[in-house]
Amino acid sequence: MTATYRKGPIITSLLDTDWYKITMMQGVHHKYPNASVTWEFRCRNSENLAPYLSDIREQIDQLATLKLSADESAYLSTIPYLTPDFIRFLELFRFRPEYVKVFMEEQELCIVIDGPWSHSILFEIVILAIISEVRNRILYPEITIEQAVNHLREKLSTLRNNYTPDQLAGLKLADFGTRRRLSQPVQEAIITVLRHEFPGDFVGTSNVDIARRHGLAPMGTMAHEWVMAHQQLGSRLVDSQRAALEAWVQEYRGHLGIALTDTITLDAFLRDFDLYFAKLFDGLRHDSGDPLLFAEKCIRHYQALGIDPRSKTLIFSDALTFDKAMALKTALEGRIKTSFGIGTSLTCDVPGLKPMNIVIKMVACNGQPVAKISDEPGKTSSRDQGFVKYLKRVFQVAH
């Protein structure tokens, strides 16, 4: 029987990360090889993480031993939009733990990642997964994989009971649960069940390692950091979102066509998302704010540009459950295509377990501040409030 938690290193593959880290990494490697960045960790639910400090440090140090295997390199070579020079770079890549500082400050766990963007970009997901698993195996040592799988099957049974096969048809689901998972073995078990038992269309996982070994599609395009970094990569600040989208289009030439909308609020994004970008991108991803309000604004925006919304896709990925996904699918049926990425409520959902609410966000690029102004005020991210005010003024953000 597979153990719920791994002994020794938690991260055992360079590809035990989210796909969008790999896709952004290629863009950085080609376009911004000299950019330097800083990330900071935040625990949003003010949990005391001091007891895990030494274990977290040890796990981060062990990342230095990882390297891309021959099988992993061969797998990446089958992806049409990954280039040979980038795969060679990944073969040579090694984690540099000296870029990571882990310490306590005023009884809070602090983690700062600072280094070249292309050499530090992979730390975010693996450090979050490390923190989550270190904490879970200490707080919840008795939880088993069977409990997690049984609870998932209960939710799948409820889904089948509440909706007809016709209603569930076309419900597209991907696993987005790497960063806050109970453990890696639990995530893999959950994905295995979904692959065979999900009553809709299980389209893949964001976890590259699991996707490779299970023959699934790796899911993901870009994250907030891609757009945030462009605030300090040479364009005028007011042009930074358009510069980020243009750089993405140049790198992927029609592949990976889902744009992330809420780095500086949806309204500011849509002002920049003109007919040119609306035609080039296949759709948009929602990550904060009211999802139905988001959908209505996107539909109206496409219509105003003379684009049939039914030709586009909206990806929803903000704190989703099966019921929330079904409610959105039902409300938008026939108006625009939908797909859903579910994370914590898949990979860290067992009765009696309280999952973590942790993030690592970019706070600087090339020594200058960057910021995310979310559609949900509590998700706004920056350590420089003066820059946030300036960003709001430049992009006409009211809140």
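The structure under discussion appears in the preceding block.
Draft legend 1. Representation of the overall build of the protein. Along its length, the protein carries 18 helices and 11 strands. Relative to the compact-globule value of 21 Å for 399 residues, the protein shows a C-alpha radius of gyration of 20 Å, a close match. For the protein, the residues scored as buried account for 57% of the 399 residues in total. As displayed, the protein offers around 16200 Å² of accessible surface, 50% of which is attributable to carbon and sulfur atoms. Here the protein contributes 46 positively and 47 negatively charged side chains, and the mean placements of these two sets differ by 3 Å.

Draft legend 2. Helix α12 (residues 240-252), seen in detail. Over its 13 residues, α12 extends 18 Å from the first C-alpha to the last, a length consistent with the 18 Å expected when each residue adds 1.5 Å. Among all positions of α12, only S240, Q241, A244, L245, A247, W248, V249, E251 and Y252 are buried. In this structure, the buried residues of α12 make contact with α1 (19-31), α11 (224-229), β6 (258-260), α13 (266-272) and α14 (275-280). R253 sits one or two residues past α12 and shows a positive phi near 50°.

Draft legend 3. Spatial organisation of the layout of surface pockets. When its volume is computed, the second largest pocket comes out at roughly 460 Å³. When contributions to the lining of the second largest pocket are tallied by element, the ones reaching two or more residues are β1 (36-43), β2 (100-105), β3 (108-116) and β10 (358-365). In terms of residues, the lining of the second largest pocket owes the most to one element, β3, which gives 5 residues.

Draft legend 4. Local environment of the side chain of S132. Structurally, S132 can be placed in helix α6 (residues 123-139). Residue S132 is classed as buried on the basis of its relative accessible area, which comes to 1%. Within the structure, the side chain of S132 is placed 2.7 Å from the backbone oxygen of R181, a separation counted as a polar contact. In this structure, S132 is in contact with R179, R180, R181, M356 and I358, ignoring residues within four places of it in sequence.

Draft legend 5. Examining unusual backbone geometry more closely. Of note, Q107 is a non-glycine position whose phi angle comes to about 65°, a positive value. With respect to the helices, strands and loops of the structure, Q107 is situated in the loop between β2 and β3. What makes Q107 exposed here is its relative accessible area of 74%. Positive phi is not limited to glycine here, since N366 has a value of about 55°.

Draft legend 6. Representation of the packing of aromatic side chains within the structure. One pass over the full model with this rule turns up 19 aromatic pairs. With centroids separated by 6.0 Å and ring planes inclined at 40°, the aromatic side chains of W117 and W226 adopt a geometry described as tilted. Of this pair, W117 sits in helix α5 (residues 117-120) while W226 sits in helix α11; the two residues are 109 residues apart in sequence, bridging distant segments of the chain. A single burial state applies to W117 and to W226, both of which are buried. Joined through ring pairs, the aromatic side chains of W19, Y32, Y81, W117, W226, W248 and Y252 make up one cluster. The lysine or arginine in question, K155, covers the ring of F322, its NZ or CZ lying 5.8 Å from the ring centre.

Draft legend 7. Spotlight on the sheet that holds β6. Taken in spatial order, the 6 strands line up as β5-β4-β9-β8-β7-β6 in an open sheet, and their pairing is parallel. Each having just a single partner strand, β5 (201-205) and β6 make up the two edges of the open sheet. Recorded for the sheet is a direction-independent mean angle of 25° between the axes of neighbouring strands. Note: strand β7 (residues 283-286) against strand β8 (residues 313-316), 4 bridges, orientation parallel. Bridging from a neighbouring strand, L284 pairs with L314 of β8.

Draft legend 8. Region of interest: the sheet that holds β2. Spatial ordering of the open sheet is given by β2-β3-β1-β10-β11, a layout of 5 strands whose pairing is antiparallel. The sheet terminates laterally at β2 and β11 (368-369), the two strands that pair on one side only. Two elements, β1 and β3, share 5 bridges in a ladder whose sense is antiparallel. If you follow V37 over to β3, its bridge partner there is G115. On the sheet, helix α2 (residues 53-62) packs against β2 and β3 and is oriented at approximately 175° with respect to β2.

Draft legend 9. A look at the packing of helix α7 (residues 145-162) against helix α9 (residues 184-197). Contact pair α7 / α9: the axes reach a minimum separation of 10 Å and the direction vectors enclose 30°. Taken together, the axes of α7 and α9 are roughly parallel relative to one another. Crossing geometry of α7 relative to α9 is assigned as right-handed. Contact residues: I145, A148, V149, L152, R153, L156 and R160 in α7; P185, V186, A189, I190, V193, L194 and E197 in α9. Along the lines of polarity and charge, the residues of the contact of α7 with α9 split into 11 nonpolar, no polar and 3 charged.

Cut-offs and rules
- Residues numbered from 1 in each chain as written.
- Predicted model: local features only at pLDDT ≥ 70, side-chain atom pairs only at ≥ 80, totals over all residues.
- Heavy atoms only, no water.
- Helix = DSSP H or I, 4+ residues; strand = E, 2+ residues; numbered from the N terminus.
- Rg over C-alpha atoms; globule rule 2.2 N^0.38 Å.
- Buried < 20%, exposed > 50% of the residue type's maximum accessible area, 1.4 Å probe, protein only.
- Areas by Shrake-Rupley, 256 points an atom, 1.4 Å probe, with all protein chains shown as cover.
- Lys, Arg positive; Asp, Glu negative; His and termini not counted.
- Charge placed at Lys NZ, Arg CZ, Asp CG, Glu CD.
- Expected span 1.5 Å × (residues − 1).
- Contact = heavy atoms within 4.5 Å.
- 1 Å grid on protein atoms, 1.4 Å probe; cavity = no way out; pocket = protein on both sides within 12 Å on 5 of 7 lines; lining within 4 Å.
- Points joined across faces, edges and corners; volume = space filled by probe spheres on them.
- Polar contact = N/O pair within 3.5 Å; in protein donor to acceptor, adjacent residues only side chain to side chain.
- Phe/Tyr/Trp six-rings, centres within 6.5 Å; stacked < 30°, edge-to-face > 60°.
- Lys NZ or Arg CZ within 6 Å of the ring centre and 35° of its normal.
- Pairing = 2+ DSSP bridges.
- Axes fitted to C-alpha atoms, helices over the stretch in contact; angles between N-to-C directions.
- Parallel < 35°, antiparallel > 145°, perpendicular 65-115°, else oblique.
- Left-handed = near helix turned anticlockwise from the far one by under 90°.
- Nonpolar A, V, L, I, M, F, W, Y, C, P; charged D, E, K, R; others polar.

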